[in-house]
Amino acid sequence: MFALRAGAVMVAAMVSTMAAQAGEVEVLHYWTSGGEAKAAKALQATLQAKGHSWKDFAVAGGGGDSATTVLKSRVVSGNAPAAAQIKGPSIQEWAQEGVLADISDVAAANNWDKLLPPVVANVMKYKGKYVAVPVNVHRVNWLWANPEAFKKAGAKVPTNWDEFFAAADKLKAAGIIPVAHGGQNWQDFTTFESVALGVGGADFYKKALVQLDQGSLKSDTMKKVLTTFKRIKGYTDKNAPGRDWNLATAMVIRGEAGMQLMGDWAKGEFIAAGKKPGTDFVCAAAPGTAKSFTFNIDSFALFKIKNEANVKAQKDLAAAILAPEFQEVFNLNKGSIPVRLGADMSKFDDCAKLSSKDFVDTAKSGSLVPSVAHGMAVSSAAEGAIKDAVSNFWNSDKQTVEDAMAKIASAAKTK
Ligand code: GAL
């Protein structure tokens, strides 16, 4: 009897300790589309499995501009979340403000320097200290196609821009919207960067859109890029302006449209709709970019918070994010690939396997480039200014290629 009572006391003590150690992590993110929300749920479940609670703070708006605006106002008013979806060079910008927590202890305990490609680890560090944790590797330079629509139109999935416009003409003739597009500045910019890579190549892309070299930004190659970019607009539909990216993907899923240029978060939508790669949809490199890879790495930066149990929960979340189990379930839903080196890809589809192989090959060949449209390449100020200049050109009926080139070159000087 005494032993039982002692046992019960111990269990009670353990439960209260666990309850006492359980923390809460408020996570600010912008994953609200079908596939994105499923992936975010996997992250929530992972945290809850560690006995902590997840406070969801989702801000709708693909590309994340609205989320960043909301985050800024929360931090300024002294109400930062525990974790927020922040990526690329802007991690440095936030760290400079002194608001991010140092999670080097978690990184050391889990060998992050060995697990992560250096190109990724460096982005997550500020002055050598980890302040953010990467979640995945998205490839941006993809084309998604509906094979049924292509068959109906007698068209071939393109590998270069000439073939792209030939296919677009055939789709149009068959009464199918050739290109599903969402008219929002970040989507216009996502299309633009794939055209720049496909028309100019990786070296031109790096000089013009990463180093922001004025000569390259005002070159004949840029003229060709802008001409090709604007020509695509003629193959989108009149309802494109303002459309969310996942609604454009849905048009391809339904066969209303033949193709979409978008990062592989679009694949998350096909998968969430129960569609099979190779049969219901085709993933192909954006025209002319098969030998290159535009990377976009989602990450969570962790903010300085006081509550000890929540700090523990924050660190448990960071450690869980890079664990093999989470890397697999999250990326299977999200459409991206694991960021961990040597991840087991056996459960992933052929699109992911191609992405994983190309990520490694292009790192060796020098044609692995950061996505400028998704915050991987330049300061958020320069990115914002160039994005608007590119989108203004897409939306204007009057602006000439020369005008646009001058506007983009001057936007690139924004500090
Ligand atoms: C990107 C983000 C992706 C995806 C996409 C659409 O910026 O990195 O994870 O969410 O926006 O919202």
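Residues numbered from 1 in each chain as written. Predicted model: local features only at pLDDT ≥ 70, side-chain atom pairs only at ≥ 80, totals over all residues. Heavy atoms only, no water.

Q: Is there a simple way to think about the overall build of the protein chain in this case?
A: Tallying secondary structure elements over the protein chain gives 19 helices and 14 strands in all. For the protein chain, whose C-alpha radius of gyration is 23 Å, the value lies close to the compact-globule estimate of 22 Å for 415 residues. By the burial criterion, 54% of the 415 residues in the protein chain qualify as buried. Counting only contacts in the protein chain whose residues sit at least 6 apart along the sequence, the fraction spanning at least 24 positions is 76%. If you sum the accessible surface of the protein chain, you get close to 17,300 Å²; carbon and sulfur atoms cover 57% of it. Taking the 48 positively charged and 40 negatively charged side chains of the protein chain as two groups, their mean positions are separated by 1 Å. (Helix = DSSP H or I, 4+ residues; strand = E, 2+ residues; numbered from the N terminus. Rg over C-alpha atoms; globule rule 2.2 N^0.38 Å. Buried < 20%, exposed > 50% of the residue type's maximum accessible area, 1.4 Å probe, protein only. Contact = heavy atoms within 4.5 Å. Areas by Shrake-Rupley, 256 points an atom, 1.4 Å probe, with all protein chains shown as cover. Lys, Arg positive; Asp, Glu negative; His and termini not counted. Charge placed at Lys NZ, Arg CZ, Asp CG, Glu CD.)

Q: Would you mind going over the pairing of strand S1 (residues 24-29) with me for this structure?
A: Moving residue by residue along a regular strand, the side chains alternate between the two faces of the sheet. With five of six residues buried, S1 lies mostly within the body of the structure. By the bridge criterion, six bridges tie S1 to strand S2 (residues 53-58) in an arrangement that is parallel. Paired with His 29 across the two strands is Ala 58, which belongs to S2. On the question of chirality, the crossover connecting S1 to the parallel S2 by way of helix H2 (residues 34-49) is right-handed. (Pairing = 2+ DSSP bridges. Right-handed = clockwise from strand over helix to strand, strands pointing away.)

Q: Help me out: how do you make sense of the site of the ligand in this one?
A: Neighbouring the ligand are 14 residues; Glu 36, Lys 87, Asn 296, Asp 298 and Lys 334 lie closest to it. In the model, an oxygen atom of the ligand is placed 3.1 Å from a nitrogen or oxygen of the Gly 63 main chain. Separating an oxygen atom of the ligand from a side-chain N or O atom of Asn 296 is a distance of 2.9 Å. For the ligand, whose free accessible area comes to 300 Å², the fraction covered by protein is 100%. Of the residues in the shell around the ligand, the class split is five nonpolar, five polar and four charged. (Near = heavy atom within 4 Å. Polar contact = N/O pair within 3.5 Å; in protein donor to acceptor, adjacent residues only side chain to side chain. Nonpolar A, V, L, I, M, F, W, Y, C, P; charged D, E, K, R; others polar.)

Q: It is not clear to me how helix H9 (residues 161-173) should be interpreted in this structure. Could you clarify?
A: Because each turn of an α-helix spans 3.6 residues, side chains separated by three or four positions end up pointing in the same direction. The first and last C-alpha atoms of H9 sit 18 Å apart over 13 residues, in line with the 18 Å expected at 1.5 Å per residue. Taken as a whole, H9 has its buried residues at Trp 161, Phe 164, Phe 165, Ala 167, Ala 168 and Leu 171. Angular distribution of buried residues about the axis of H9 spans 160°; they occupy a single face of the element. For H9, exposure combined with an orientation more than 90 degrees from the buried face picks out Asp 162 and Ala 173. Lining the buried residues of H9 we find strand S8 (142-145), helix H8 (147-153), strand S9 (177-179), helix H10 (185-210), helix H12 (220-233) and strand S10 (257-261). Sitting at the amino-terminal end of H9 is Asn 160, which places a side-chain oxygen 3.1 Å from the backbone nitrogen of Asp 162. One or two residues past the end of H9 sits Gly 175, with phi positive at roughly 80°. (Expected span 1.5 Å × (residues − 1). Arc of directions from axis to C-beta.)

Q: Would you take a moment to explain the sheet that holds strand S11 (residues 282-285) for this structure?
A: Hydrogen bonds between backbone atoms are what pair the strands of a sheet, whose relative direction is either parallel or antiparallel. Taken in spatial order, the four strands line up as S9-S10-S8-S11 in an open sheet, and their pairing is mixed. The strands lining the two open edges of the sheet, one partner per strand, are S9 and S11. Adjacent strand axes in the sheet meet at a mean angle of 20°, parallel and antiparallel pairs treated alike. By the bridge criterion, two bridges tie S9 to S10 in an arrangement that is parallel. Residue pairing for S10: Ile 177 is matched across the bridge by Ala 257. (Axes fitted to C-alpha atoms, helices over the stretch in contact; angles between N-to-C directions.)

Q: For this particular structure, what's the right way to read the side chain of Asp 188?
A: Tracing the sequence through the fold places Asp 188 in helix H10. For Asp 188, which is buried and forms no salt bridge, the nearest opposite charge comes from Lys 233, at a distance of 8.1 Å. Of note is the side chain of Asp 188, whose polar atom sits 2.6 Å from the side chain of Ser 391. When near neighbours in sequence (up to four residues on either side) are disregarded, Asp 188 contacts His 181, Gly 182, Gly 183, Phe 229, Val 390, Ser 391, Trp 394 and Asn 395. (Salt bridge = Lys/Arg side-chain N within 4 Å of Asp/Glu carboxyl O.)

Q: Would you take a moment to explain the pattern of salt bridges for this structure?
A: Once the charged atoms of two side chains with opposite charge are near each other, the side chains can pair. Summed over all chains, the structure comprises 14 salt bridges. Two residues, Arg 139 and Asp 358, come together in a salt bridge whose shortest N-O distance is 2.9 Å. Taken together, the residues span a long stretch of sequence, with Arg 139 in strand S7 (residues 138-139) and Asp 358 in helix H17 (residues 350-365) at a distance of 219 residues. The partner of Glu 256 in a salt bridge is Arg 254, with the nearest N and O atoms 2.7 Å apart. On the basis of relative accessible area, Glu 256 is assigned to the partly exposed category, the value being 37%. The class for Arg 254 is exposed, based on a relative accessible area of 54%. Counted as one network, the salt bridges with shared partners bring together Asp 65, Glu 383 and Lys 387.

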